[in-house]
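# Structural description and commentary
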Amino acid sequence: MSEHDDKRPEENGDTRADQRGGNGESGNRLRRELPQEVSASVPAARDTPDKDALDQDPPEAGAEPVPEPEVAPEPDSEPQLTGRQRLVKGLWPPRVSRAQFIVAVLLFGLGFGLAVQVASNSDSDSALRGARQEDLVRILDELDDRTQRLEDEKQGLEKQRDELENSSDQAEEARKQTIEKERQLGILAGTVAAQGPGITMTIEDTKGTVEADMLLDAVQELRAAGAEAIQVNGVRVVAGTYLTDSGKGVSVDGNKINAPYRFKVIGKPQDLEPALNIPGGVVQTLEKEQATVTIERSTKIVVDALRAVKRPDYARSSSQ
């Protein structure tokens, strides 16, 4: 090996050292000249160290350090929702299907019907709820009396049946019962006069507020209490009687009558008077219309207004 060859490595090594030193000084100058802010793409490159940077020598003492680039903050992830918030988010806005809408409408209709039924029952029972104990006792007594009257009528019919079955002269017994039945039916039909215990009810209407339907309610209440004959201002009331308003008065079967309205009623006074005075009944209704009602009991009431016998046009006895 020649002397020239022996020196070449040393010279080569010096040259490399000089180059390395030169590269270090130039690298420091470049770092000092870099801008202070680096774009957002720098962090991605910063995570992986550069091989050239690893090969470079550390900066010389006294050199100004290169500032590290700022890393942009990552966006926050979606906040966690609570159970109530998830429930509200699932219910609103509502997503209603056609079937659910139909079911909701049906349920609303059912609830509305029940509410109306409860309200109507409450209105019908309001009069009894506000009644006094004495009034309630009187109503119960009236119901007991009606039941007793029906029971007595049933026993009377059974007695007539037994007499017809056990009589030796059934034809004569049937004739007697027929005459008695004809008399009873004549009283009910208004073709014969009648007398007996009962009441007289007088209605003074100075304001002209009493109407036909109020008098009709009085007639129906008297019939329900067991009235057997009724006469209003000289007009006999029968099964087919009708009442209509006529000017300032009332028309009964086409016959106009004016106040005061006087009812003559044959029946049991102990049943007739309480039936008119029940809470929410005839007397209270008329008094609300500023009418004055007077009821008098009597042991003898005469009902002498008669109705002409009218032959039916189409009805015939089934025994013929």
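Structure shown above.
So, here's what we can say about the structure.

Rules of the game
Residues numbered from 1 in each chain as written. Predicted model: local features only at pLDDT ≥ 70, side-chain atom pairs only at ≥ 80, totals over all residues. Heavy atoms only, no water. Core = buried A, V, L, I, M, F, W, Y, C linked by side-chain atoms within 4.5 Å. Buried < 20%, exposed > 50% of the residue type's maximum accessible area, 1.4 Å probe, protein only. Helix = DSSP H or I, 4+ residues; strand = E, 2+ residues; numbered from the N terminus. Contact = heavy atoms within 4.5 Å. Salt bridge = Lys/Arg side-chain N within 4 Å of Asp/Glu carboxyl O. Pairing = 2+ DSSP bridges. Axes fitted to C-alpha atoms, helices over the stretch in contact; angles between N-to-C directions.

## Structural notes on the nonpolar core
The biggest cluster of nonpolar side chains holds 32 residues, and the ones touching the most others in it are Ile203, Leu222, Ile230 and Phe263. When residues in this core are grouped by element, the largest group, six residues, is from helix 8 (residues 212-224). Not counting the four nearest positions on each side in its chain, Ile230 is found in contact with Val219, Leu222, Arg223, Val235, Arg236, Val237, Phe263, Lys264, Val265 and Val303. Counting residues in hydrophobic clusters, the runner-up holds six residues, among them Ala194, Ala229, Ile266 and Val303.

## Things to note about the pattern of salt bridges
It is possible for side chains bearing opposite charge to pair when their charged atoms get close. In the structure shown here, the tally under the stated rule is three salt bridges. In this structure, Arg149 engages Asp271 in a salt bridge whose closest nitrogen and oxygen atoms are separated by 2.9 Å. Of this pair, Arg149 sits in helix 6 (residues 133-166) while Asp271 sits in helix 9 (residues 269-276), and the two are 122 residues apart along the sequence. Exposure remark for Arg149: the relative accessible area of 26% places this residue in the partly exposed category. Residue Asp271 is classed as buried on the basis of its relative accessible area of 3%. With a closest N to O distance of 2.7 Å, Asp253 and Arg307 form a salt bridge. A residue pair is termed long-range when its members are at least 10 positions apart, and Asp253 in the loop between strand 5 (249-252) and strand 6 (255-257) and Arg307 in the segment after strand 8 (292-303) qualify at 54 residues. On the basis of relative accessible area, Asp253 is assigned to the buried category, the value being 14%.

## Observations concerning the sheet that holds strand 8
Taking strand neighbours across the sheet as the criterion, the five strands line up as 3-2-7-1-8 in an open arrangement whose pairing is antiparallel. Since the sheet does not close on itself, it has two edges, and those belong to strand 3 (235-237) and strand 8, each with one partner. Across the sheet, the axes of successive neighbouring strands diverge by a mean angle of 25 degrees, strand direction being ignored. Taken together, the six bridges between strand 1 (residues 194-204) and strand 7 (residues 261-266) define a ladder with antiparallel strand orientation. Pairing of Thr202 across the sheet is with Arg262, part of strand 7. Contacting strand 1, strand 2 (229-232), strand 3 and strand 7, helix 8 crosses the sheet at an angle of about 10 degrees to strand 7.

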